[in-house]
Amino acid sequence: MAKRQDIKSCLVIGSGPIVIGQACEFDYSGTQACKVLKEEGIRVILVNSNPATIMTDPELADATYIEPLTTQSITKIIEKERPDVCLATLGGQTALNAAMALGEAGVFEKYNVELIGANLEAIEKGENREEFKKVVEKSGAESARSFIAHTMDECKDIVQKLGGYPVVVRPSFTMGGLGSGFAYNEEDLERIAGQGLHYSPTSEVLLEESIQGWKEYELEMMRDEADNVVVVCSIENFDPVGVHTGDSITVAPALTLTDREYQKLRDISINIIREVGVDTGGCNIQFAVNPKDGRIIVIEMNPRVSRSSALASKATGFPIAKIATKCALGYHLDEIQNDITKVTPSSFEPALDYIVVKIPRFAFDKFPAADNTLTTTMKAVGEAMAIGRNFNEALQKAMRSIDKSGTVFEWNSKVLKGQELENLLNEISRPTEQRLIQVQQALRGLAASGKNVQEQNQIVFDKTKIDPWFLSQIIEINTMAGEIAENSELILNKDQRARRILHKAKSNGFSDRQIADLIGLNDSDMKGFEQENYVRSIRQDLNIIPVYKTVDTCAAEFEAQTPYYYSSYDFESEVAKRDKPAIMILGSGPNRIGQGIEFDYSCVHASLELGDSSSNSSFSSSQTNKETFTTIMVNCNPETVSTDYDTSDRLYFEPLTYEDVMAIYDAESAAGPIKGVIVQLGGQTPLSLAARLKDAGVPILGTSPEAIDAAEDREIFGKVLADAGLNAPAYGTAHTQEQARSVADRIGYPVLVRPSYVLGGAGMEIVYNPEQLKVYVDRALENASKLANVRAELPSPILIDKFLDDAMEIDVDALYDGEDLYLGGVMEHIEEAGIHSGDSACVLPPATLSLTQIQRIREATEKIAKGVGVQGLVNVQYALAANILYVIEANPRASRTVPFVSKATGIPLAKAAVRVMLGDKIRDLRNAGYLEEEGDGGSIKLKAGRKRAIAVKEAVLPFKRFRTPTGEAVDSLLGPEMRSTGEVMG
């Protein structure tokens, strides 16, 4: 059946701000939907309140409403736009709940709007716990024994019916397991069920028997109107039931199911998707399997595109959101072409000849008082994904993709024995962020104590219930580490006999840095980078280099037309030759507090601007004769638009480390010419690689690594400010406790202290007295000693600034081309200085600054950009106290506020920045329509008859996700360290 002809316009409901449990996976799926609808000639009406997303760019929809996702707000839009249909299955729980509320209020009926993808009845069946139990029963499957409660008294009665504690609490209609958990006693029940009743829109919770410790699986399903059903992907949780799937390490395809078990899950899933009535689109179904007897329990389903759908899409190359949208328009799966092969239909189930591993990224360091136990309430703020030819390769690549200290396996610490080992074995029974590393160290200790492989496996399985197959793979990695260490002399001498060992090590995912540690280079005079470079040179001399394989959806049965690559130490490389010059764009890696979707936004804009596809962009259509390039995206975040296979000409799903980026650069250099690499759009992660890449001969586009250092190094930056005659709060730097005390005494308390080279205010505190300062420096020294055997002195200095009381804080985003400055926007913070800019509300244009003050800010920004040597974007933070302008800091890169400023002013700052990086001048960009013809952004100078629009950004904070171990709320006081996960715009 072809596309429905009666649909002329469609309302797409977005997912709102990034929150824990509902992140940029839904920006990715919503963006896919908008693209499909426009391609099909349907008018797209979008409502979303998130400025940081590609989805709310003006060219994605015909009418974009940056409005709250409330019944009242959406009703007004429907009344004005009169859409034929509404698509709400691609905006997470927020969109689904909004659609339910609109349906119940009679809005869809009143304005004759049809809900497509999944109707209200299907949503109710999938989301309402009691209704879903009936669906499971009709599908010939089993749910955990459970009962519904609406009051605390009912909850207590149900516990008795279930035979006592522990019980699982699951609220209805919440996202990311919010308000759910395991109750082991009445106190737990009152706390968890109390939250669940509060957060559930229907004040309803399900209490069910505990299936903690069972194996957990998910199936991603797709169905069309003709009842064709495909299983897109099977996903297995590394962690057993009890850890939310968003907090668990996950693996695709499922590895420990027998074929018979997989067929059972498949049959149940097909029955459920039909019974629920998800007519056109994707859904995800979660299962628990008892490892003792194979009993299967259906946990839940999402009658919409889910968090796992983004992972499954990137893991398989099968774009679930895109195909779900086409199905919602009436197409059948066998009528939709596979974009990657161009010859197979979407009714072919994807086949994988590789392993995918996803690892979550947590932010407990931002909430030190929070209980770090992982439960059914999701706490992760992001995730990284890796692809390998085997599980060990994919696992270790994913671990280093997390971009956080302490998240990779290591063998230099002492082997635990006796009571210390016993303590660790007790610790691993509690799931935490560190458990994977703890399991590896426990297995290492057990091996050293004489336990054989079977005994190691059984002891750790009894403590964790992690499947023995996974544990056996970690034992293999430990064994491989031992083999590397035993053959260190052969490796150091570049002996040909070492080739087999090194090749096997790389095939098991070991990084050059891990190998350097294992062969003893950390005991040499070499610095960390030199050690890694030396191992790289050994590998190259022995001709051990990675090749790149293609994600093709069909296990190489058909040739891939879309270059979507992952590395492996296999034999044949599939990187295609090219004649056109290429530009590599380094993404920002996994989402985290301080470095989120806003940086992905800038990277996507760069790709659109540089590639041929940008000619369709409304932002750049005014310049049709510009040079274009082959765009190469490097990123490891499965949630984002940047890692969609059709955003860039080539996509490398790889860790953003020096080793991995250099390997891609080498492979692409062999394939064709490379113009350069863009590092200033992906946040701190790529920026930290800039100097090493340049030293290795890689051309860095835009601001040089030396200029980046000039802004980050407080002594050099202090000279830039002094030469420009600009004020800065009194400051100093310190490597030791004595130096810190001396600096603080000189400049006077309170002081603002922070580490060097951080993003999101990590580790930043206001210190009011010498005692607090001593605690801070002691903690910094202790953390440094864990990483680099340093105790008496810090490897990078602590920055100490005089803290300005009663000051107004101002954020500026600007472009500088070496001659001229374009002031993108001046944002006035609503909270006073002392609260991190990412947590503070701000207004654009500034509400209380005079034109004279704005001119002073402009002049200061130009002096800083010139003094530092910026070519591209720069973000400067100022404080205004007693009419004195102080410079707090400058960041010569894309900032968190670039999307907000771009949407508030209508100026595509990231795209303009890319042209400046390539050598274009601001005056040319004004003529080409990228920038205002005259003046600056932010409506500072108004043209005659033009009204000033006021844009306000407010942060969204995740405090309700975190509790102390005793159940109290964590401290929600805001300060200089950022804690927000997302933002909204009005």
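As a starting point, this report considers the structure included with it.

Cut-offs applied
- Residues numbered from 1 in each chain as written.
- Predicted model: local features only at pLDDT ≥ 70, side-chain atom pairs only at ≥ 80, totals over all residues.
- Heavy atoms only, no water.
- Core = buried A, V, L, I, M, F, W, Y, C linked by side-chain atoms within 4.5 Å.
- Buried < 20%, exposed > 50% of the residue type's maximum accessible area, 1.4 Å probe, protein only.
- Helix = DSSP H or I, 4+ residues; strand = E, 2+ residues; numbered from the N terminus.
- Contact = heavy atoms within 4.5 Å.
- Pairing = 2+ DSSP bridges.

## Quick notes on the nonpolar core
Then step 1. Counting 90 residues, the largest nonpolar core has Met 222, Ile 387, Tyr 564, Leu 681, Leu 815 and Leu 931 as the members making the most contacts within it.
Then step 2. For this core, the element with the highest residue contribution is helix H31 (residues 909–917), accounting for seven residues.
Then step 3. Every residue in contact with Ile 387, bar those within four places of it in the chain, is listed here: Tyr 354, Ile 355, Val 356, Ala 394, Lys 397, Val 551, Tyr 564, Tyr 566, Ser 567 and Phe 653.

## Things to note about the pairing of strand E19 (residues 582–586)
Then step 1. Burial analysis of E19 places five of its five residues in the buried class, which makes it a mostly covered element.
Then step 2. Where burial is concerned, the two faces of E19 agree: the one with Ala 582, Met 584 and Leu 586 and the one with Ile 583 and Ile 585 are both buried.
Then step 3. Looking at chain direction, E19 and strand E20 (residues 630–635) are connected through five bridges and run parallel. When the bridges of E20 are listed, Ile 583 appears paired with Thr 631.

## Side note on the environment of Val 381
Then step 1. Secondary-structure assignment places Val 381 in the loop between strand E15 (355–361) and strand E16 (382–388).
Then step 2. Overall, the relative accessible area of 10% leaves Val 381 in the buried class.
Then step 3. Sequence separation between Val 381 and Asp 971 is 590 residues, and the spatial gap between their C-alpha atoms is 18 Å.
Then step 4. Among residues more than four places away in sequence, those in contact with Val 381 are Ile 20, Arg 361, Phe 362, Ala 363, Asn 591, Arg 592, Ile 593 and Thr 981.

## Side note on unusual backbone geometry
Then step 1. For the bond from Tyr 165 to Pro 166, the omega torsion is 0 degrees, close enough to zero to count as cis.
Then step 2. Checked against the element boundaries, Pro 166 lands in the loop between helix H7 (152–161) and strand E7 (167–171).
Then step 3. At the junction of Leu 844 and Pro 845, the peptide bond is cis and its omega measures out at -5 degrees in the coordinates.
Then step 4. Unlike most non-glycine residues, Asn 112 shows phi in positive territory, near 55 degrees.
Then step 5. With respect to the element layout, Asn 112 can be found in the loop between helix H4 (107–110) and strand E5 (114–116).
Then step 6. A relative accessible area of 67% places Asn 112 in the exposed class.
Then step 7. Of note in this structure, Asp 227 is not a glycine but carries a positive phi near 70 degrees.
Then step 8. Secondary-structure assignment places Asp 227 in the loop between strand E10 (215–223) and strand E11 (229–237).

So, to be careful, I would describe these as geometric facts and stop short of saying anything about function.
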